[in-house]
Amino acid sequence: IEVHDIRIKRNPNIPSAHYFKAKALHELAILKGDKTYYQKSLFHFTTAIKLAPDNERYVTERSELYIKMGITKKDAEAKILELEGVIKVFDMSLK
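Residues numbered from 1 in each chain as written. Predicted model: local features only at pLDDT ≥ 70, side-chain atom pairs only at ≥ 80, totals over all residues. Heavy atoms only, no water.

**Student:** Before we go on, may I ask you to explain the side chain of Ser41 in this structure?
**Tutor:** With respect to the helices and strands, the residue Ser41 is situated in helix α3 (residues 36–51). A relative accessible area of 0% places Ser41 in the buried class. Discounting chain neighbours no more than four positions away, the residues touching Ser41 are Ala22, Leu25, His26 and Leu65. (Helix = DSSP H or I, 4+ residues; strand = E, 2+ residues; numbered from the N terminus. Buried < 20%, exposed > 50% of the residue type's maximum accessible area, 1.4 Å probe, protein only. Contact = heavy atoms within 4.5 Å.)

So this is what it looks like as structure tokens:
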């Protein structure tokens, strides 16, 4: 995860850095049984999608994560809007 943090810190506009961090956090959630990592993973999947909206892999894997978390489509849409707000604050903090 530290490698991805370094890449994101150097350039937060690299979709793959957010994608691979999301994947790593997802694995941590499974390995440690700690669902808080799922929320962090969602944030980075959503950021990757914001930066590369045509990347089907990012969208598909975020959808799979929602299913694992038991989140319905309606709840997922609300969560996406919430995460987009968090991403905007994150983006502004980098300036």
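**Student:** Explanation requested: the environment of Val59 in the structure shown.
**Tutor:** Checked against the element boundaries, Val59 lands in helix α4 (residues 56–69). Take Val59: its relative accessible area is 31%, and that puts it in the partly exposed class. Considering only alpha carbons, one finds Val59 and Ile49, ten residues apart in sequence, at a separation of 6.6 Å. In contact with Val59, not counting residues within four places along its chain, are Ile49 and Pro53.

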